[in-house]
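A closer look at the structure
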Amino acid sequence: MAKRLYKSRSKVFFGVCGGIAEFFNIDPTIIRIAFLVLVFAGFGTGILIYIAGALIIPDRSVDNGYADDYNQHMRDASSYDKGNNNYGEAGSSDDDFNSYFNKRK
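A brief structural summary.

What counts as what
Residues numbered from 1 in each chain as written. Predicted model: local features only at pLDDT ≥ 70, side-chain atom pairs only at ≥ 80, totals over all residues. Heavy atoms only, no water. Helix = DSSP H or I, 4+ residues; strand = E, 2+ residues; numbered from the N terminus. Buried < 20%, exposed > 50% of the residue type's maximum accessible area, 1.4 Å probe, protein only. Contact = heavy atoms within 4.5 Å. Phe/Tyr/Trp six-rings, centres within 6.5 Å; stacked < 30°, edge-to-face > 60°. Lys NZ or Arg CZ within 6 Å of the ring centre and 35° of its normal. Axes fitted to C-alpha atoms, helices over the stretch in contact; angles between N-to-C directions. Parallel < 35°, antiparallel > 145°, perpendicular 65-115°, else oblique. Left-handed = near helix turned anticlockwise from the far one by under 90°. Nonpolar A, V, L, I, M, F, W, Y, C, P; charged D, E, K, R; others polar.

A few words now on the overall build of the protein. Looking only at helices and strands, the protein features 5 helices and 0 strands. Ordered by position from N to C terminus, the α and β elements of the protein give α-α-α-α-α. Looking at the protein residue by residue over its 105 residues, the buried ones come to 26%. Expressed as a percentage of contacts within the protein between residues at least 6 apart in sequence, the contacts between residues at least 24 apart total 44%.

Looking at the secondary structure, you find glycine 46 in helix α3 (residues 45–56). Given the relative accessible area of 0%, glycine 46 is considered buried. As for glycine 46 and leucine 36, which are separated by 10 residues in sequence, their C-alpha atoms are 7.2 Å apart. In this structure glycine 46 touches Phe35, Leu38 and Val39, once residues within four positions along its chain are discounted.

Here the focus is the packing of aromatic side chains. Applying the stated criterion across every chain, the model contains 2 aromatic pairs. Arranged with centres 5.6 Å apart and planes meeting at 90°, the rings of phenylalanine 35 and tyrosine 50 form a pair that is edge-to-face. Placement of phenylalanine 35 in helix α2 (residues 28–41) and of tyrosine 50 in helix α3 is noted, with a sequence separation of 15 residues between them. Note on phenylalanine 35: relative accessible area 13%, which makes it buried. Above the face of the phenylalanine 23 ring, lysine 3 is positioned so that its terminal group lies 5.2 Å from the ring centre.

Here we take up the packing of helix α1 (residues 16–24) against α2. Between α1 and α2, the least distance of the axes is 8 Å, while the angle of their chain directions is 125°. Classified by the interaxial angle, the pair formed by α1 and α2 is oblique. In terms of crossing hand, the pair formed by α1 and α2 is right-handed. Contacts between α1 and α2 pair Cys17, Gly18, Ile20 and Ala21 from the former with Pro28, Ile31, Arg32 and Phe35 from the latter. In terms of residue class, the contact of α1 with α2 is made up of 6 nonpolar, 1 polar and 1 charged.

Spelled out as structure tokens, the structure:
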């Protein structure tokens, strides 16, 4: 499955910088600083790019991405330490699914 860009749920304004950071697997602070530099050095170009991103980039929900992240996490966890975890099978219940995302907030 191809990697997709979504707004982050850990957002400051609209989640654009956080989503870009998640997509590239880097710290969101780096992206936020880059946008600030673009705003000041680019004579406001960063503001236009951020607004466009806020309008165009879709929100992430269970329907378009979080379920895939959860299942990948469960596969990674079970292959990492088969004997010492209590994860069970990936996606075994709604409680497992919800507890994973409650930890990420």
